[in-house]
Amino acid sequence: MFRKTFRKSPSALVAGLVSTGMAFCLISATSSAQDAGFEPSVDDFSCIRDMEPVRGFFVTNLLGDIEATLEVANSEIGGTYPTGSLIQLVPTEAMIKREPGYNPQTNDWEFFELDVSNGETHIRVRGSDEVVNQFGGNCLECHARAEPQWDMVCEQDHGCDPLPLTPAMLSAIQKTDPRCEATELTEEEAQALQFLAAIRAASEN
Ligand code: HEC
């Protein structure tokens, strides 16, 4: 491989060596983080919109390998998300890919139910099969229904039961994450929020 690169140009060889070196660094950084035990904390969460947008949801990688996370997220045939992947659709729910062996039942995902209401993140519940969302639904029960190639990521067409939220509701919820700077809502998003508030008020009475 190097000989081939060298015939092309010396600068290609340098680029090749640099990227190979970088790959080694990434691999050793990832494995030492895994050896040390990767324990996500409340400080790993912040404004949802600071993560990378992928279709309707957001991703990042807490161990730094965002490219590997994006590769799976953007793959048309699915794949297994790398350790450190953090995925969120709404500010109050998250999935983090833990170290291999964390929990075979969840494909090593840890589920989180968060409270962000005062502009800071608090972890309400975290874990594998016991975490339920604000509608009383068990995260794993729904997400485990995704076809196997999607690694428990549901989106709209991977085989999970749907969420009771329209695209306008979802984008309005993402735009009003209280940990982010304020941003404009469209008319449709503003109406979607009013509708959600009315549903919440009705269910509390
Ligand atoms: C009723 C089934 C159901 C329950 C319960 C549920 N989810 Fe989901 N979740 C979905 C569906 C369906 C989507 C995709 C919605 C969309 O893209 O419009 C989704 C999306 C997500 C996403 C974005 C990635 C993806 O899978 O598309 C995350 C992260 C997530 N949910 C985490 C959680 C967590 C954490 C819990 C528990 C606190 C939870 N979910 C409970 C069905 C569910």
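Before reading on, note that the structure itself is shown above.
Not measured: the values here are computed from a predicted model.

*Asks:* Would you mind going over the site of the ligand in detail, with residue names and values included?
*Replies:* Around the ligand, the surrounding shell holds 26 residues, and the nearest of these are Leu89, Gly137, Cys139, Cys142 and Cys154. When contributions to the shell around the ligand are tallied by element, the ones reaching two or more residues are β3 (85–88), β4 (93–97), β5 (109–115) and α4 (139–143). Of the residues that constitute the shell around the ligand, the class distribution is 15 nonpolar, seven polar and four charged.

*Asks:* Hey, could you go over the pairing of strand β6 (residues 122–127) for me, with residue numbers and the actual values?
*Replies:* Bridging between β5 and β6 involves five bridges; their strand directions are antiparallel. Each bridged residue has a counterpart across the sheet, and for Leu114 the counterpart in β6 is Ile123. Between β5 and β6, which pair antiparallel and follow one another directly, the connecting turn spans six residues, one of which, Gly119, has a positive phi of 90°.

*Asks:* Give me the lowdown on the nonpolar core, citing residues and values where you can.
*Replies:* If you look at the biggest cluster of nonpolar residues, it comprises 25 residues, and the most contacted ones within it are Val59, Ile87, Ala94, Met95 and Phe111. Where this core is concerned, the elements lending two or more residues are β2 (57–61), α3 (66–73), β3, β4, β5 and α4. Apart from residues lying up to four places away in sequence, Met95 is in contact with Ile87, Trp109 and Phe111.

*Asks:* Please set out the sheet that holds β2 residue by residue, giving values where relevant.
*Replies:* Pairing is antiparallel across the open sheet formed by six strands, whose spatial order is β1-β2-β3-β4-β5-β6. Strands with a single pairing partner mark the edges of an open sheet, and in this sheet they are β1 (52–54) and β6. Each strand of the sheet is rotated relative to its neighbour by a mean of 25°, with strand direction disregarded. Sheet topology places β3 next to β4; two bridges connect them, and they run antiparallel. From the neighbouring strand, Leu86 faces β4, where its bridge partner is Ile96. Here α3 sits on the sheet in contact with β1, β2 and β3, set at roughly 145° to β2.

Conventions we followed
Think of each chain on its own: its residues are numbered from 1, step by step along the sequence as written. Under the rules for a predicted model, residues below a pLDDT of 70 receive no local features and side-chain atom pairs below 80 are neither given nor counted, while totals for whole chains, interfaces and linings still include all residues. Only the C-beta atom matters for nearness: placed from the backbone, it must lie within 6 Å of the molecule or strand for the residue to count as near. For helices the rule is a DSSP run of H or I covering at least 4 residues; for strands it is a run of E covering at least 2, with both sets numbered from the N terminus onward. Residues are grouped as follows: Ala, Val, Leu, Ile, Met, Phe, Trp, Tyr, Cys and Pro are nonpolar; Asp, Glu, Lys and Arg are charged; all remaining types, including Gly, are polar. Only when DSSP finds a minimum of two bridges between them are two strands counted as paired. By definition, a nonpolar core groups buried Ala, Val, Leu, Ile, Met, Phe, Trp, Tyr and Cys residues that connect through C-beta atoms lying within 7 Å of each other. The exposure label follows from counting other C-beta atoms within 10 Å of a residue's C-beta, where the C-beta atoms are placed from the backbone and the thresholds are 20 or more for buried and 12 or fewer for exposed, leaving partly exposed in between. Once C-beta atoms are placed from the backbone, any two residues with those atoms within 7 Å are in contact. Under this scheme, a helix contributes an axis fitted over its contacting stretch, all axes are lines through C-alpha atoms, and angles between N-to-C directions fall in the 0 to 180 degree range.

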